[in-house]
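# Overview (structure and organization)
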Amino acid sequence: MAHLIDGKMLSAQIRDEVKAAVALRSASGKRAPYLAVVLIGEDPASASYVKGKAKASTEVGIDSDTMTYDASISEAEVLDIIERLNQDESVDGILVQLPLPAHIDEQKVIHAISPAKDVDCFHPESVGNLVIGLDGFQPATPAGIVEMLKRTGIETSGKHCVIIGRSNIVGKPLANLMLKKGIDATVTVCHSRTSNLAEIARQADILVAAIGRPNFVTKDMVKPGAVVIDVGINRVDDESRERGYRLVGDVDFEAASTLASHITPVPGGVGPMTIAVLLQNTLKAAK
Ligand code: GUN
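A brief report on the enclosed structure follows. Nothing here was measured: the structure is a model prediction, and the numbers come from that model. (Residues numbered from 1 in each chain as written. Predicted model: local features only at pLDDT ≥ 70, side-chain atom pairs only at ≥ 80, totals over all residues. Heavy atoms only, no water.)

### As for the sheet that holds strand β1 (residues 3-4)
Strand order across the open sheet formed by 6 strands is β1-β11-β8-β7-β5-β6, with parallel pairing between neighbours. Among the strands making up the open sheet, the edge pair consists of β1 and β6 (186-190). (Pairing = 2+ DSSP bridges. Helix = DSSP H or I, 4+ residues; strand = E, 2+ residues; numbered from the N terminus.)

This is the structure:
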């Protein structure tokens, strides 16, 4: 049976580190870091993620404000709000929760955020720094995954990391992070048009599933002894639950855990790590 990588426990370590650093800052007379969160529309999953980010910020002594807007807000209004946050010296980090309503151009909004406040690491300048290996903000979910591997003592150097999913939030930035000097993995990125996906996945020493499809990764895609990282957070109907659904990952957990050496659960795996890195980034922004 695979060893369970406990994202809750590992993220608590990081949150404690951020909390200590924030306390040290305030002891030297500096104000608390401040994170501005913009939430547009009614997507229940987005609302839930934003709530988690705000709660975690408060717990470590980071001030945060969640600004919520109706889905009918215009693109120009959103760009105005971002410009005000860019100019406001009391704001250290700006996070616009994605996805945005269809009439708002996501890339335009991301482009408007000052790179100095881009705690999501979504701005092209931040992404560029990541690709060429310069210091800057860390992409939250990918950096959360790397922290998990490091803190679990999993070797990455020379290992074959297969990433399923090519999103701008996870697949692409994770590929770049895993390639970085010091992490040194060999990286393959698969996606919906990949031929022989199962065959490629089976070659992975570290297999990362980030496609947003429940139970996509089946037993035949896992090499015995592989480390399996499940980024998926999918809501599936479940009448036996009070809220009417349960969360499942992209991996068939029961099957994969009979083969993997290590595996992350959903929930309680990658999700909490993402929030922990966001807190690290907000602290960095304040510095
Ligand atoms: N939507 C899904 N994941 C994220 C994230 O990490 N940041 C933002 N801003 N939106 C998201």
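Past the structure itself, the notes keep going.
### With respect to the side chain of histidine 262
The residue histidine 262 is located in strand β11 (residues 262-263) in this model. Its relative accessible area of 19% is what places histidine 262 among the buried residues. At 2.9 Å, the side chain of histidine 262 forms a polar contact with the side chain of serine 261. If we ignore the near neighbours within four places in the chain, the residues touching histidine 262 are Ala2, His3, Ile5, Thr152, Ile154, Ala226, Val227 and Val228. (Buried < 20%, exposed > 50% of the residue type's maximum accessible area, 1.4 Å probe, protein only. Polar contact = N/O pair within 3.5 Å; in protein donor to acceptor, adjacent residues only side chain to side chain. Contact = heavy atoms within 4.5 Å.)

### A word on helix α3 (residues 75-87)
With 13 residues, α3 should cover 18 Å at 1.5 Å per step; its first-to-last C-alpha distance of 19 Å lies within 8% of that length. Turning to α3, its buried residues number three or more, namely Glu75, Val78, Ile81, Ile82, Leu85 and Asn86. Take α3 and look down its axis: the buried residues cluster within an arc of 140 degrees, on one side only. Facing away from the buried side of α3 by more than 90 degrees, the exposed set consists of Arg84 and Gln87. Those residues of α3 that are buried lie in contact with β2 (34-40), β3 (63-69), β4 (93-96) and α4 (106-112). (Expected span 1.5 Å × (residues − 1). Arc of directions from axis to C-beta.)

### Let's talk about the site of the ligand
Taken together, Lys53, Leu95, Val96, Gln97, Leu98, Asp120 and Phe122 make up the full set of residues near the ligand. The contact in question runs from a nitrogen atom of the ligand to an N or O atom on the side chain of glutamine 97, over 3.2 Å. When the ligand is considered free in solution it has 280 Å² of accessible area, and contact with the protein chains removes 84% of it. Residue classes in the shell around the ligand are distributed as 4 nonpolar, 1 polar and 2 charged. (Near = heavy atom within 4 Å. Areas by Shrake-Rupley, 256 points an atom, 1.4 Å probe, with all protein chains shown as cover. Nonpolar A, V, L, I, M, F, W, Y, C, P; charged D, E, K, R; others polar.)

### Notes on the pattern of salt bridges
Summed over the entire model, instances satisfying the criterion amount to 8 salt bridges. In this structure, arginine 241 engages aspartate 238 in a salt bridge whose closest nitrogen and oxygen atoms are separated by 3.6 Å. Residue aspartate 238 is classed as buried on the basis of its relative accessible area of 13%. For arginine 246, the salt bridge is made with aspartate 238, and the minimal N-O distance between the two is 3.0 Å. Owing to a relative accessible area of 31%, arginine 246 belongs among the partly exposed residues under this scheme. A single salt-bridge network, built from bridges that share partners, covers Glu17, Glu147 and Arg151. (Salt bridge = Lys/Arg side-chain N within 4 Å of Asp/Glu carboxyl O.)

### Quick notes on the nonpolar core
Met178, Val208 and Ile229 are the most contacted members of the largest nonpolar core, which totals 48 residues. The dominant element in this core, judged by the number of residues it contributes, is helix α10 (residues 270-286), at 9 residues. With residues up to four places along the chain from it excluded, the contact list for methionine 178 reads Val146, Leu149, Thr156, Cys161, Ile183, Asp184, Ala185, Val187 and Ile206. Ranked by size, the runner-up nonpolar core spans 19 residues in total, among them Ile82, Ile94, Leu98 and Ile113. (Core = buried A, V, L, I, M, F, W, Y, C linked by side-chain atoms within 4.5 Å.)

### Observations concerning the pairing of strand β8 (residues 227-230)
Remark: a regular strand shows side chains that alternate across the two faces of the sheet. Where burial is concerned, the two faces of β8 agree: the one with Val227 and Ile229 and the one with Val228 and Asp230 are both buried. In this sheet, β8 lies alongside strand β7 (residues 206-209) in parallel orientation, the contact comprising 4 bridges. Along β8, the bridge assignment pairs valine 208 with isoleucine 229.

### Overview of the sheet that holds β2
As summarised here, the arrangement of the 3 strands in space is β3-β2-β4, forming an open sheet in which the pairing is parallel. The open sheet terminates on both sides in strands that have one partner only, identified here as β3 and β4. Adjacent strand axes in the sheet meet at a mean angle of 15 degrees when their direction is disregarded. Of the strand pairs in this sheet, β2 and β3 are connected by 7 bridges, and their pairing is parallel. Bridge assignment links isoleucine 40 to a residue of β3, and that residue is tyrosine 69. Here helix α2 (residues 44-60) sits on the sheet and contacts β2, β3 and β4; the angle it forms with β2, its principal contact strand, is near 170 degrees. Docked against the sheet, α3 engages β2, β3 and β4, running at close to 165 degrees with respect to β4. (Axes fitted to C-alpha atoms, helices over the stretch in contact; angles between N-to-C directions.)

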